[in-house]
Amino acid sequence: MTTHTTAADHTRPHKEDAPTGLLPIPTGPARAMATGGGALTVISAFLAWTWTAAFPGDLTVYGYPGGLPARPHHRALTTLLGLASYGIKGLRALTPGNADAALRYAALAAFTTAWYTLLAISTDLGGLANLEPGGWVAAIATLTALTGALALPFNRPQTYPVDPEDTGWEQTRHRLRNGLTVFKGAFAADTPPPPRTLPSYIEILIIVAALATGLLVFTYGIGTEYDELFIGFLISVAFGFAALAKAGLVAHLSAYTARHRNTTLLGAFLAAAAFPFTQSDDQYATIGVYILIFATVALGLNIVVGLAGLLDLGYVAFLGVGAYAASMVSGSPASPFDIHLPFWAAILVGAGASLIFGVLIGAPTLRLRGDYLAIVTLGFGEIFRLVAMNSDGASGPDITNGSNGISSIPNLKILGFDFGLEHSILGFPIGRFANYFFLMLLITLIVVLVFRRSGDSRIGRAWVAIREDETAALAMGINGFRVKLIAFALGAALAGLAGTVQAHVTYTVTPEQYQFANTVPPNSAFLLAAVVLGGMGTISGPLVGAALLYLIPNKLAFLGDYQLFAFGLALVLLMRFRPEGLIPNRRRQLEFHEAELEPGETPPPTVLSKTGA
Amino acid sequence: MTTDTTTAGQAPDTPAGQTVLDARNVTMRFGGLTAVRSVDLTVNSGEIVGLIGPNGAGKTTFFNCLTGLYTPTEGEVRYKGAILPAKSFKVTAAGIARTFQNIRLFANMTVLENVLVGRHTRTKEGLWSALLRGPGFHRAEAASKARAMELLEFVGLADKAEHLSRNLPYGEQRKLEIARALASEPGLLLLDEPTAGMNPQETRATEELVFAIRDMGIAVLVIEHDMRFIFNLCDRVAVLVQGEKLVEGSSETVQQDDRVIAAYLGEPFEENN
Ligand SMILES: Nc1ncnc2c1ncn2[C@@H]1O[C@H](COP(=O)(O)OP(=O)(O)OP(=O)(O)O)[C@@H](O)[C@H]1O
Ligand SMILES: [Mg+2]
């Protein structure tokens, strides 16, 4: 900022005369390259990339794009992205936002996916000699498409000329900054115009299609069996999502979902319920049920953090309290109490115990403003774990069995349905974890409804008001302490609810499951991260965030000891580039990006119909 | 679960001339600094009372003492005869609403939601009612929205109900603050510099707005530096200088008072300048 204040004419921004691309290629050839490259990418996907089946995913087959669920591989994705970069350009209706920005992202996605695969092949198999012509074609095609896409003209953002009186270092920095602005501008897109209102059934069909795609992508991701495949998957999904967002399709979709909230909820629920049927192996249902537990707790935390703005750093302890309380009354031989309550009663005990702890922790601390709550909850989380660890009869009363925990919790039996056995639904074998998956899905649905209904009511508005400006909220007659305590206790009770199911899923409840930070979610740090990563104050945000935060460490086992480091790095990057989270609350998005508008530009008129996604 | 959330016309049943606000001997000290010193002030129903004084005179501090944001070091404040509770949300529930000198809207809520928050004390639906969504909930919510829209209509912001309040221009933000304060159905409205940052037309419109509020049966106590605004509007004006009440009286008395001219106005105020 120091450089453009010295002389008057340096402060005036100047615009390029004619829009040009990042690379000096005329528009015609550039577009031809982008289109041709895209087409060639599609073709390359039908060719063999390598000669040996040794590389994960088997890329040897000619003439068949691997779209089969049985043997999914990168080429399917490359095809898709190639098609996207090829197709998106022509169809104006598909890209209400910025077609060229979307094209750039799609080309980037195809390029990184293809090149990542080819590099992985070469390093895995020891040399470029292992690439078949198909591989080379893919490499060249994606590179051509990317070059073409980058050369397409775009509206250059304002830059400021260098001040000749500055020192050389300052001038260099200034040029770098300008370069960065222009580069960012190449990938920027205008806000898409609000979508036309389509006939209801078409909008619903679009939502259904989007949900089905979501399920497909998720199922594919969860089923990837190799690190390389999963990384490739992540790259493609990330850039693919960015391309869709730039094309304005994401904004349109969220407008449709806002209009059909109940349909969307039902559809999402059905799509999630369909997940166990897509898996032949109960192993993936295991991942599914753990993700659901994690996601549900994250959503509960979102009431506390996202709506009421209370920073709770020990939230996982409430999950633990619920799990311990429920496990002790569910007939475990390790429990100090010799009772076996039915599930509904165990749920009441679990949620009730968490609720009581929530009130006990909240009542003294919520009267204070500021960071006290964060510190107290952090302490509570650790105290809970240590007490559970030490109440083993040796160093304390014999309640929790110490580090052995409450073990051998019997499987649930509800109305004669034994959750431990494999059942057959419509000819599909549904194993133990899939059974619990369905139960947990029900709990998730309950938490979603609680979130939505409480958020969109007098009490929910009071939470948001307190978060926005506590003094003003008090002056509006809101009993801040009471309202915050309700949010805190409700969040705790919901975590306890999830804990009840978790205790049964994991058979054993141990103190080590409930740490502040750990490589395995759920833990307090990851829960908070899921909320922040996904998007504070939204429903889908924490669900998506939790799924990602569970899958990534789970799939990338090779990260090993660096997992937490990578996690921290990812969070820092996210906060730098997308502070509002992956699925932003529309209010938050405005809050964070208003500053990036050019001087004199007014923010886009925002008309909110409902509380957001 | 009570559903009688809107008492539509909401004219408080205070007979004209009855004392609404009665502040006695209010003193506020911050360490060694006495920001307000032994101030007495009454506001009667149907009145618009002005509070003027130089910067730092203690006007906002006095407001904060009235609304429970500060607990006065000495003195007591009565609203309709009852001593006010010390918590600001209870003061609002009792019937005193306010706006802030530096606008304090809920920036990331919509205009309508801001006003709905203002209705918090006059509605009762708790968490259970929100979760179960019985007919009572829907009725109360609809009534609240209707009342909020009425108020937005009243201040002229109805067409912006779904905008984020942060995106409103300054003048409209001030109007929204007034609508939000009115939503709590007060018997006394405290306005802290309601026209700061407004252009002359907007100021004139605000004048009309304050008169209309008074006609709704709400007493108004207003702080303002715009003398023409104050002297047009107020039945009575109190002058605060260095925390002490210097003069109190009708507009004419105050603008001709030598001490006020010396301490604040600087020169005799001309009605037609
Ligand atoms: N919380 C506080 N702590 C310490 N001093 C304060 C506090 N609040 C206000 N003061 C001091 O009290 C005095 C009166 O301030 P106040 O804001 O009430 O003035 P004002 O009459 O509203 O002025 P203005 O016209 O500028 O709004 C000032 O000297 C201020 O610095
Ligand atoms: Mg002031």
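Description of the packing of aromatic side chains
All names here are of chain A. Considering all chains together, one arrives at 14 aromatic pairs over all chains under this definition. Ring geometry for Phe275 against Phe437: centres 5.6 Å apart, planes inclined by 45°, an arrangement best described as tilted. In this pair, Phe275 sits in helix α10 (residues 261-278) while Phe437 sits in helix α15 (residues 432-455), placing the two residues 162 residues apart along the sequence. The exposure class assigned to Phe275 is buried, which follows from its relative accessible area of 2%. On the numbers, 6.5 Å between centres and 55° between planes, the contact of Tyr290 with Phe433 is tilted. Separated by 143 residues along the polypeptide, Tyr290 in helix α11 (residues 282-307) and Phe433 in helix α15 bring together distant segments of the chain. Exposure remark for Tyr290: the relative accessible area of 24% places this residue in the partly exposed category. A relative accessible area of 17% places Phe433 in the buried class. Taken together, the aromatic side chains of Phe218, Phe275, Phe277, Phe437 and Phe438 make up a single cluster linked through ring pairs. Above the plane of the ring of Phe481 lies Arg367, whose end atom (NZ or CZ) is 4.0 Å from the centre. Positioned above the aromatic ring of Tyr507 is the side chain of Arg432, whose terminal nitrogen or guanidinium carbon lies 3.9 Å from the ring centre.

Things to note about the domain arrangement of chain A
Residue and element names in this part refer to chain A. Structurally, chain A comprises domain 1 (13-253) and domain 2 (280-549). Between domain 1 and domain 2, the residue contacts involve four residues of the former and five residues of the latter. Across the interface of domain 1 and domain 2, roughly 340 Å² is buried in total on both sides, 79% from carbon and sulfur atoms. At the surface where domain 1 touches domain 2, the tally comes to zero salt bridges. Here domain 1 is connected to domain 2 by zero residue pairs in polar contact (both at pLDDT 80 or more). Along the lines of polarity and charge, the residues of the side of domain 1 that touches domain 2 split into two nonpolar, one polar and one charged.

A short note on the coordination of the magnesium ion (ligand 2)
Under ideal tetrahedral coordination, the four donors around a metal are separated by 109.5 degrees; under ideal octahedral coordination, the six donors are separated by 90 or 180 degrees. Residue and element names in this part refer to chain B. Looking at the magnesium ion (ligand 2), one finds its protein donor set to be Thr60 (OG1) and Gln101 (OE1), positioned 1.8 to 2.0 Å from the metal centre. With Thr60 in helix α1 (residues 59-66) and Gln101 in the loop between β6 (96-98) and α3 (111-118), the pair connects residues that are 41 residues apart, well separated along the chain. Judged by relative accessible area, which is 32%, Gln101 ranks as partly exposed.

Basis of the calculations
Residues numbered from 1 in each chain as written. Chains lettered and ligands numbered in written order. Predicted model: local features only at pLDDT ≥ 70, side-chain atom pairs only at ≥ 80, totals over all residues. Heavy atoms only, no water. Phe/Tyr/Trp six-rings, centres within 6.5 Å; stacked < 30°, edge-to-face > 60°. Helix = DSSP H or I, 4+ residues; strand = E, 2+ residues; numbered from the N terminus. Buried < 20%, exposed > 50% of the residue type's maximum accessible area, 1.4 Å probe, protein only. Lys NZ or Arg CZ within 6 Å of the ring centre and 35° of its normal. Domains from an automatic or database assignment. Contact = heavy atoms within 4.5 Å. Buried area = accessible area lost by both parts, 1.4 Å probe. Salt bridge = Lys/Arg side-chain N within 4 Å of Asp/Glu carboxyl O. Polar contact = N/O pair within 3.5 Å; in protein donor to acceptor, adjacent residues only side chain to side chain. Nonpolar A, V, L, I, M, F, W, Y, C, P; charged D, E, K, R; others polar. Donors = N, O, S within 2.8 Å, 3.2 Å for Na, K, Ca; no water.

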